[in-house]
Amino acid sequence: MSDAVQTATSALRRSFHYRDLEAAGARFQPVADAAVAWVYGDDAGNEQTRARTLGIADLSPLPRTGFKGRDIGPWLAKQSVTVGEASNRAYPCGKGSLAAKLAPTEVLLLGALDGSDPLPGALNDAWTDDAGLCFPVPRRDASFWFTITGKMASSMFAKICGVDLREKSFDNHAIAQTSVARSNTIIIRDDLGAVPAFHMLGDSASAGYMWMCLNDAMDEFDGGPVGLEAILALRK
Amino acid sequence: MSGGANRLPERAGEWVDRARSVSFTFDGKSCQGLEGDTIASALAANDRWILSRSFKYRRPRGILTMAGQDANTLVQLPDEPNVLADTRAISDGLVVEGQNFDGSLENDRGAYMGLFSKFLPVGFYYKTFFRPRGAWKFWEPIVRARAGLGKINEKAHHGYYDKAYGWYDVAVIGGGPAGMAAAASAAKAGAEVLLVEENPHLGGSLAYARFDADGMESSKQLEALKADLGGVEIMTGAICNGWFEDNWLPVIKGNRLYKIRAKHVVLATGSIEQPMVFHNNDLPGIMQASAAQRLIRQYGVRPGKRAVVATANADGYAAALDLRQAGCEVAAILDLRAEPTNGAIVNAVRDHGIPVHAGSTAYEAVAAKGNRHITAVTSAKITGRGECGSGRDRFDCDLLCMATGYTPTHHLLSHAGGEVGYDGASEMFCVRSVPDGITVAGSLNGSYDLGATIAEGHYAGWSAAKAIGLKAGRQPRVPNDRGSLNRSHPWPIFPHPKGKDFIDYDEDLQVRDIQNAIREGYEHIELVKRYSTVGMGPSQGRHSALTSVRLTADETGQDIEVVGRTTSRPPFTAETFGVLAGRAFEPVRHTAMHHRHLELGAQMMPAGLWLRPAYYGTQDQKTACVEAEALNVRNNVGLIDVSTLGGLEVRGPDAAEFLNRMYTFAYLKQPVGRSRYLLLTDETGVIADDGVACRFGKNHFYVTATTGGVDNVYRSMLWRNAQWRLDVDVTNVTAAYAGVNIAGPKSRDVLAKLCTDVDLSPEAFPYMEIRTGTVAGIPARLMRVGFVGELGYEIHIPSGQGEALWDALMDAGRDDAIRPFGVEAQRMLRLEKGHIIISQDTDGLTIPHEADMAWAIGRKKPYFVGGRSIDIQVARGIERKLVGFEIADPAVPVPEECHLTVRGEEIVGRVTSAVRSPSLGKTVGLAYVAPDQSEPGTEFDIKIDGGRIIKGQVVKLPFFDADNARQEL
Amino acid sequence: MKIMNCPLNGPRNISEFVCGGEVTVEPDPNRCSNEEWADYVFLHDNDAGVVCEWWCHAPTAFWFIAERNTLTDEILRTFASSELFSERQDYSRPEQEAGQ
């Protein structure tokens, strides 16, 4: 990582609600072409402990994309991205990316958590208008990306989401497209090592609202923000 | 003794903590209780029995059920009215007041009301609504002042309330013997089980009742059942307040509402002991036998010093043993049955020498001064149904326990559609049918024998597990005799010539009130309820339904089964608004530049879920700010955040055909690189939305929609194409794009500083054309638009980079006096250009021809949504037209939106927009007028505030820059 | 709260769905009478019994069709709309046909 002092606004691309992150004490690091909340305090170990219990990380500046249309399957296959038949399942692909099949006609592609997989950008570059009924969806701007981690995550979700996300009912790589705190949301379970983890994507304009709702719901379990550093540490 | 004079020695299983005393005040006087006490139990321990005054006659009332099932115990807390004193726990410093009195609870100046009871006949409200004319006007203020229960504290502290979902295989409602057994059996079969108990401790009847002569059985069984609950999630102090479809259960615990979904529900909600009816049966000191037992066993409180038990079942005898053991002398048992049953408990009573008077009833309770407490009861021999002989015996006592029958707590079952009937053998309401997905057990289902109840619970748990597909093992056996006979007396009702034989304590209703209601013609039980108000009070008929049904059956000569009972609806018990509201989840959407607006001092206004800057500046400077912002657009350059505008990608070989069908205009021949106006009408031809179609490729349109309309437009596009099945894909990208409109004569100069890869010259990039390029290094879609009537560019960029673009443009425009402008200035500018705003200048009936927008209809198309409906309406002729008007005289006030346009007495339309234009120096606006008034030059009348008529003159649109030279610069 | 089974997302609380009304057949707008058109636009059958209705899962904007008994509120079946609408639908004007 760069030694240069980074702020939330040092790149053109910014997290949608970076002021909330700053207010929570975030320090930022450049990842890919944007600044990500890397750590919230001085004690990284503490933050990892929180991430194992209940943590929320804002990964909104990280690369991701999406494709939509009847012909996405063949086109993605041509780009060496294969996704399974079942909708509402996520399929690992590329070098650490995750392809979430939202419908037979829609895939959301989350780049690697450390921003290192070139796949999202490569797919966007590879797309041309002769791809048939297959069109890019600007997921990086349309949706915020939070990752909620820890063993209390499903209990927290039970306060604001009507879908049963407990580990036994919602297995790894399952997807729920539902309403959370009255806002439309995609939830993807993607465990980090042995720690339950959920990617949550929703209306980018509501990022601040959702951040507030989630932090409020997490209070009861002493959950709160964690930086990307703690998230990456969980993978090991 | 600690915790009050009536406190009994400590015993195992009680709910109070002897080590922790708690002090609070009631009715202005302090009181010491124990941790775990309810308000009522702590007061009883201190020999204080009056909890409230009754609703109508202001009679003192005390403990009746000790289970939260009556309104006698409603008290006032500082922030909360109508709290049930017999279930609410005390806490240190709690301030409790009584309700329904003038002066003090002990000495109510309104108590004289009881003397006038014969002047408050049944149906009092109902009658005075009608006759004599004007009577209600007289009575209403008096009734309103006296009616109502507690007082709402409008300054009450707002608590934190929230909700949570829960998912279970089996939810068991009721933590008594049946419920605990059911939960244990279901869990053993592998089910995930939730057990909900409204009391702070499990046990149900095991926590207060006596099932054997030596009194050991209940605690033994309770410990055994509790030990069997491994793996069961237990929620105590939680009330399941209803049943909703597909086993959806609202469970309230503290300030949280749990929304429980269960695959199967076991209802083990028990039963409610029913009061007897006799003269003065409402005096403090008269309570259910179970209430006395709850005081003894749960709170260690002696309910009286000398008691009489009126009963018709073995449970009354068990209560007598409990009373005796608690040091309360039992003066007599009055058994309503001619031949009491025998059994170990009855024999024990006889062995203790307690006198039993068979075939006798309590006939009158004798009151202390002011009806403050019972001092004696006179008994009488029963000679017929509800009839007594003339002989009387008198028993001095301070406690009368009633144990003459039960009614099942069927409410949740009824919510679920289960049917309740009347069983003539047991003389009780009974469960007639149970819907799929539900099992009932325990005294709800008529099981009163303890062994049978537990066995039935196990059976219910077993069948719940089986119903959801678990291997549940061998079917548990349930005994045939479940002990329902000889529990309920068929007619524990002894009307008295002097009345005060209450059948509904909440509403102070007496036997004759029900009889009179029926004699006045209200024969159906639902009419009896509404006319007499029986069962309409806070306890919702829990202790009055059975008696009122019996009386109705008797008066009408019908079977009780035929009379039926009134409908039971959720909620089961009162719930607070805080619980219903929970956390206020109100999504709010911020554009990428939101915080820049705040930093610039913007006043934000809602637009759908979004917030938009109305204007920049202080509220007292609003008019000046708006005018300055507008003039700066006309003279220099302005910047407005248009990110909230809806954005839809419409792509595929049929994209143009799709727009051709959705919108009124023609899009098949629209050139790539150009934009075209979009007007959406609905199936009835009414204008629903508008926007712009930007054709970025043969198969690609970027379509804008109104801020508030885009979600519906998107949804209806998908719905239409589910039927048309065109080769097209639609994506809502509203949040993905931030947008600004940079407008004004200097906008090109400012943009040119940041955009070098697009030729911005008017020849290369004329009005209504669109381009892609980069602005300040950010990929952008550029559109030349004219909403505000000046040279201008809409710039749409990825929302993650919206703030960076805003900063770059504000910076680049500094030398050209760039200034942000808000929605208010934009509205003024567009009005000067005569552009309409959908749903401000149109309404739910406006077709394009009325809004003078027939030009936006493609005439040669075979179809568009609403086309046929428009044709039909136009052929019939339109009745109003939207016109531009002006008022030149600056002395005439500016009309407001929705001021009427009139012709004589006739309303012909309304003003939809009006503003005093700083650019034009006069008032301009849009209004609906009659078609024959729509020619330019015509004057028409506008009726403004106060009924004043002003004149508007129709003018040709636009008001400003008639040849549109400025925007096409 | 009732549960509805979305063909795409599975069983969900019915609060996630929006009802789009009865599935009706649009008369040919270029050939039907005014009365037929008014009947289609304004009059609904409101049958007591099993009806076909449009429903939309709001979080995914996914439209599908449900068979529901309006007497019992029982949802009998939900299925993709392509089961009923499998062919591309087109419109033409009578005068265009005459010109061919």
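Just so it is clear, the model here is predicted, and its values are computed rather than measured.

Trainee: Any details on the interface of chain B and chain C? Residues and values, ideally.
Mentor: Contacts between the two partners involve 29 residues from chain B, matched on the other side by 33 residues from chain C. Roughly 2800 Å² of surface becomes buried between chain B and chain C when both sides are summed, with 49% attributable to carbon and sulfur atoms. If you look at where chain B meets chain C, you find three salt bridges. For the salt bridge of Asp90(C) with Arg661(B), the shortest nitrogen-to-oxygen distance reads 2.6 Å. Contributions of two or more residues to the side of chain B that touches chain C are made by helix H18 (655–662), helix H19 (710–724) and helix H23 (867–876) of chain B. Of the residues assigned to the side of chain B that touches chain C, the class counts are twelve nonpolar, three polar and 14 charged.

Trainee: Break down the nonpolar core for me, citing the residues and quoting the values.
Mentor: In terms of nonpolar packing, the biggest core is built from 57 residues, with Phe24(B), Ile39(B), Ile63(B) and Leu323(B) touching the most fellow members. The residues touching Phe24(B), leaving out its near neighbours within four places in the chain, are Lys29(B), Ser30(B), Cys31(B), Ile39(B), Ala42(B), Leu43(B), Ile90(B), Ser91(B), Gly93(B), Leu94(B) and Val96(B). In this structure, Tyr18(A), Ile56(A), Met210(A) and Cys213(A) belong to the second largest nonpolar core, which totals 38 residues.

Trainee: Requested: an account of the interface of chain A and chain B, with residues and values cited.
Mentor: On the side of chain B, 42 residues touch chain A, which itself brings 36 residues to the contact. Carbon and sulfur atoms supply 52% of the area buried between chain A and chain B, which totals about 3200 Å² over both sides. Here Glu803(B) makes a salt bridge to Arg14(A), at a shortest N to O gap of 2.6 Å. Run the count over chain A and chain B and you get 22 residue pairs in polar contact (both at pLDDT 80 or more). Those elements that provide at least two residues to the side of chain A that touches chain B are helix H1 (18–23), strand S8 (135–137), helix H5 (139–142) and helix H7 (207–219) of chain A. Split by residue class, the side of chain A that touches chain B holds 17 nonpolar, five polar and 14 charged.

Trainee: Provide a residue-level description of the confidence of the model for chain B, including the pertinent values.
Mentor: Mean pLDDT for chain B: 94, with 97% of residues reaching 70 or above. Complex prediction metrics read pTM 0.93 and ipTM 0.97.

Trainee: I'd like a description of the packing of helix H20 (residues 747–754) of chain B against helix H21 (residues 802–812) of chain B, backed by residues and values.
Mentor: All names here are of chain B. At a minimum axis distance of 9 Å, the contact between H20 and H21 shows a crossing angle of 120 degrees. If you check the angle between H20 and H21, you find them oblique. Of the two possible hands of crossing, H20 and H21 adopt the one that is right-handed. Facing H20, whose interface residues are Val750, Lys753 and Leu754, H21 presents Ala808, Leu809 and Ala812. Taken together, the residues that form the contact of H20 with H21 break down as five nonpolar, no polar and one charged.

Trainee: Tell me about the pattern of salt bridges, and name the residues and values.
Mentor: Residues and elements named next belong to chain B. On inspection of all chains with the given rule, the structure shows 76 salt bridges over all chains. The salt bridge involving Glu649 is made with Arg781; its shortest N-O contact spans 2.9 Å. Pair noted here: Glu649 is in strand S33 (residues 646–651) and Arg781 is in strand S40 (residues 778–784), with a separation of 132 residues, a long-range link.

Trainee: Give a detailed account of unusual backbone geometry, specifying residues and quantitative values.
Mentor: Residues and elements named next belong to chain B. The amide bond that connects Pro570 to the next residue, Pro571, takes the cis arrangement and shows omega of 0 degrees. Note that Pro571 resides in the loop between helix H14 (560–563) and helix H15 (577–581). Of note, the amide linkage connecting Leu957 to Pro958 takes the cis form, showing an omega dihedral of -5 degrees. By secondary structure assignment, the location of Pro958 is in the segment after strand S48 (949–955). Despite not being glycine, Asp27 shows a phi value in the positive range, around 55 degrees. With respect to the helices and strands, Asp27 occurs in the loop between strand S1 (17–26) and strand S2 (29–35). The exposure class assigned to Asp27 is buried, which follows from its relative accessible area of 14%.

Trainee: Explain helix H12 (residues 525–532) of chain B residue by residue, including any values.
Mentor: In an α-helix there are 3.6 residues to a turn, and that puts residues three or four apart on one side. All names here are of chain B. Of all the eight residues making up H12, six are buried; the element is thus mostly covered by neighbouring parts of the structure. Within H12, the full set of buried residues consists of Ile525, Glu526, Val528, Lys529, Tyr531 and Ser532. Just downstream of H12 lies Thr533, where phi reads positive at about 70 degrees.

Trainee: Describe in detail the packing of helix H2 (residues 44–53) of chain A against helix H8 (residues 228–235) of chain A, supporting the description with residues and values.
Mentor: Residues and elements named next belong to chain A. Orientation of H2 relative to H8, taken along the N-to-C sense of each, is 65 degrees, at an axis distance of 9 Å. Overall, the two elements H2 and H8 adopt an arrangement that is roughly perpendicular. Crossing of H2 against H8: the hand is right-handed. Residues Ala44, Glu47, Gln48, Ala51 and Arg52 of H2 touch H8, and the partners they reach there are Glu229, Ala230, Ala233 and Leu234. The residue makeup of the contact of H2 with H8, split by class, is five nonpolar, one polar and three charged.

Definitions and cut-offs
In this numbering scheme, every chain counts its residues from 1 along its sequence in written order. Ligands are numbered from 1 and chains lettered from A, in the order in which they are written. In keeping with the predicted nature of the model, local features appear solely for residues at pLDDT of at least 70, side-chain atom pairs appear and are counted solely at 80 or more, and the whole-chain, interface and lining totals rest on all residues. With hydrogens and water stripped out, all remaining heavy atoms of the structure feed into the side-chain values. The contact definition used throughout considers only heavy atoms, calling two residues in contact when any of these lie within 4.5 Å. Here the buried area means the combined drop in accessible surface, using a 1.4 Å probe, for two parts upon being joined, counting both sides. By definition here, a salt bridge exists when the distance from a side-chain nitrogen of Lys or Arg to a carboxyl oxygen of Asp or Glu is within 4 Å. By the criteria applied, helices consist of DSSP H or I runs no shorter than four residues and strands consist of E runs no shorter than two, each listed in order from the N terminus. Side-chain classes follow a simple rule in which Ala, Val, Leu, Ile, Met, Phe, Trp, Tyr, Cys and Pro form the nonpolar group, Asp, Glu, Lys and Arg form the charged group, and the remainder, Gly included, forms the polar group. The set of buried Ala, Val, Leu, Ile, Met, Phe, Trp, Tyr and Cys residues whose side-chain atoms join them within 4.5 Å is what this entry labels a nonpolar core. Accessibility here uses a 1.4 Å probe with only protein chains present; expressed as a share of the type maximum, an area under 20% marks a residue as buried, one over 50% as exposed, and anything in between as partly exposed. Definition of a polar contact: a pair of N or O atoms within 3.5 Å, with one able to donate and the other able to accept a hydrogen when the atoms are protein atoms, and with sequence-neighbouring residues admitted only if both atoms are side-chain atoms. A residue's pLDDT is the confidence the predictor assigns to it, expressed on a 0 to 100 scale. Note on geometry: axes are lines fitted to C-alpha atoms, helical ones only across the stretch in contact, with angles between N-to-C directions running from 0 to 180 degrees. An angle below 35 degrees is treated as roughly parallel, one above 145 as roughly antiparallel, one from 65 to 115 as roughly perpendicular, and anything else as oblique. Left-handed describes a crossing whose near helix is turned anticlockwise from the far helix by less than a right angle; the clockwise case is right-handed.

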